[in-house]
Amino acid sequence: MALIVHKYGGTSMGSAERIRNVAKRVAKWARAGHQMVVVPSAMSGETNRLLGLAKELAPSRTSDAYHRELDMLAATGEQASSALLAIALQAEGMASVSYAGWQVPIRTDNSYTKARIESIEDTRVRADLDAGRVVIVTGFQGVDAEGNITTLGRGGSDTSAVAVAAALKASECLIYTDVDGVYTTDPRVVPEARRLHTISFEEMLEMASMGSKVLQIRSVEFAGKYKVPLRVLSSFTAWDIDIKEEAKSGTLITFEEDEHMEQAIVSGIAFNRDEAKISVLGVPDTPGIAYQILGAVADANIDVDVIIQNVSKDGKTDFSFTVNRGDYARAIEILKERVIPKLGAHEVTGDAKICKVSIVGIGMRSHVGIASKMFRCLSEEGINIQMISTSEIKTSVVIDEKYMELAVRALHKAFDLEQVPA
Ligand code: ADP
Ligand code: ASP
Ligand code: MG
């Protein structure tokens, strides 16, 4: 008998029929003798619907008081789906109870809309498991030290599930979603994308941080920190498939490099269209410039990603960086008001229609020429590279958003990702 955590995404919970199917699948696992904790997302479209209503009432609020209410609002989506799943399980003859984040409690910091989990109390959940109940814990939410409801950022139910699995020392955390595993790239963009049987933890971390939304980045960080065995698999198989077969389907995230059977140099391609580029032109090329520009942006709690500074001419240089698209307008405003006058820079320009495409693979550590192969492929497609950033196991380029799909498809082909590596 093992303690297992299942997580079901929004599409998997998308209708009464689908919730019934989830209940039947969970009941099958419980009847096979496992202690089951289930973390559901809100039904698909519900989080967007709720946040859309808030936007209708207050289009551009940024205050803490507003963000508090957004979390209060958005958390209801998971509360509803969790109760519905408990009801469906009871209807299947399975004892079940659902808890909101604050009831567990899942404690977080107080950064509304992007809170971080600090601790999870396991007493209540364990008591229910010991009494033979299936426990449903809402995804995406927690409670801060003052008792305010917080949410963990979009896609945050993945993180709830892995954190709950870590707190309970579960044998495995299974992330059920609308694709049957982690692919070489998003199969909705490249139909030839290939499912990976395993992916190393480091590669999964890069893929997630470079924009592949199949797992929220923090869930992968948690899995790494607490060594939670993590698998991504489909919720659309028949609920009554053989449990042993189901348990080894999908993609396993591995922690040992020698477990990594597929020895590709590049394992996957990620892309992100949520970024925007900002350039500060004609800044004096003197010590402290990067700090003055980026410091002002960081003080407003805006994350900066790819950064480049051009060679200087006549003592002046251009400085460019990317930010999340949602922070774009505010970052430009801050620079215009506070930084430009102080530095005597010429102007601030920006482009919100960019995207970032990244190739990821631990094989890049030991092979040279991978980045240049990427650049050649893009040049053959006539795609201009605006910015480049590299790490040990990834190379990212910033390009015009309209070439994103073309770039991803061309790179997928150039690196033979549809083929199983020899
Ligand atoms: P859920 O609601 O179950 O959390 P998400 O929509 O958040 O599901 O994540 C699953 C989606 O991630 C897939 O439908 C797919 O379009 C997308 N995706 C992006 N990159 C990948 C990848 N490399 N492998 C698999 N799916 C990916
Ligand atoms: N419901 C939340 C969202 O749509 C959390 C999640 O689905 O993981 O972002
Ligand atoms: Mg998700």
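Refer to the structure presented above.
Residues numbered from 1 in each chain as written. Chains lettered and ligands numbered in written order. Predicted model: local features only at pLDDT ≥ 70, side-chain atom pairs only at ≥ 80, totals over all residues. Heavy atoms only, no water.

Q: Whenever I open this one, the sheet that holds strand 19 (residues 387-391) confuses me. Can you help?
A: Strand pairing within a sheet occurs via backbone hydrogen bonds; the two strands may be parallel or antiparallel. The strand order 13-18-20-19 describes an open sheet built from four strands, whose pairing is antiparallel. With partners counted over all chains shown, the strands left at the sheet margins are strand 13 (268-272) and strand 19, one partner each. Between one strand and the next, the sheet's axes are offset by a mean angle of 20°, whatever the strand orientation. Relative to strand 18 (residues 354-360), strand 13 runs antiparallel, the two sharing five bridges. For Phe271, the partnering residue across the bridge sits in strand 18 and is Val357. (Pairing = 2+ DSSP bridges. Helix = DSSP H or I, 4+ residues; strand = E, 2+ residues; numbered from the N terminus. Axes fitted to C-alpha atoms, helices over the stretch in contact; angles between N-to-C directions.)

Q: What should I look at first to understand the site of ligand 2 in this one?
A: Neighbouring residues of ligand 2: Ser41, Thr47, Glu78, Phe140, Arg154, Gly155, Gly156 and Ser157. In the model, an oxygen atom of ligand 2 is placed 3.1 Å from a nitrogen or oxygen of the Ser41 side chain. In this structure, Gly156 approaches ligand 2 through a main-chain N or O atom, which is 3.4 Å from an oxygen atom. In isolation ligand 2 exposes 270 Å². Once the protein is present, 85% of that is buried. In terms of residue class, the shell around ligand 2 is built from one nonpolar, five polar and two charged. (Near = heavy atom within 4 Å. Polar contact = N/O pair within 3.5 Å; in protein donor to acceptor, adjacent residues only side chain to side chain. Areas by Shrake-Rupley, 256 points an atom, 1.4 Å probe, with all protein chains shown as cover. Nonpolar A, V, L, I, M, F, W, Y, C, P; charged D, E, K, R; others polar.)

Q: So what exactly am I meant to see when it comes to the pattern of salt bridges here?
A: A side chain of one charge can pair with a side chain of the opposite charge if their charged atoms are brought near each other. On inspection of all chains with the given rule, the structure shows 21 salt bridges. Among the ionic pairs, Arg49 bridges to Glu46, the shortest N-O distance being 3.0 Å. Taken together, the residues Arg49 and Glu46, both in helix 2 (residues 46-57) and three residues apart, mark about one turn of the helix. For Glu46, a relative accessible area of 23% translates into the label partly exposed. In this structure, Glu69 and Arg68 form a salt bridge, with 2.9 Å as the shortest nitrogen-oxygen distance. With a relative accessible area of 41%, Glu69 lands in the partly exposed category. Arg68 sits in the partly exposed class, given a relative accessible area of 27%. In this structure, a network of salt bridges that share partners links the residues Arg25, Lys28 and Glu246. (Salt bridge = Lys/Arg side-chain N within 4 Å of Asp/Glu carboxyl O. Buried < 20%, exposed > 50% of the residue type's maximum accessible area, 1.4 Å probe, protein only.)

Q: Looking at this model, I keep getting lost on the nonpolar core. Mind explaining?
A: Within soluble globular proteins, side chains that are nonpolar tend to cluster in buried spots. Core analysis: the biggest nonpolar cluster contains 44 residues, and Val5, Val37, Val137 and Cys173 have the highest contact counts within it. In this view, Cys173 contacts Val5, Ala161, Val162, Ala165, Val228, Pro229, Leu230 and Arg231; residues no more than four positions away in its chain are not counted. Counting 25 residues, the second largest nonpolar core, distinct from the first, contains Ile359, Ile370, Met374 and Leu417. (Core = buried A, V, L, I, M, F, W, Y, C linked by side-chain atoms within 4.5 Å. Contact = heavy atoms within 4.5 Å.)

Q: What am I meant to see in the site of ligand 1 here?
A: With respect to spatial proximity, 17 residues lie near ligand 1, and among them Thr177, Asp178, Tyr183, Asp186 and Arg188 are the closest. Contacts to ligand 1 include Gly10, whose backbone N or O atom sits 3.2 Å from an oxygen atom. Here Tyr183 contributes a backbone N or O atom positioned 2.9 Å from a nitrogen atom of ligand 1. Considered on its own, ligand 1 offers 570 Å² of accessible surface; in the complex 90% of this is hidden by protein. Partitioned by chemical class, the residues of the shell around ligand 1 number six nonpolar, six polar and five charged.

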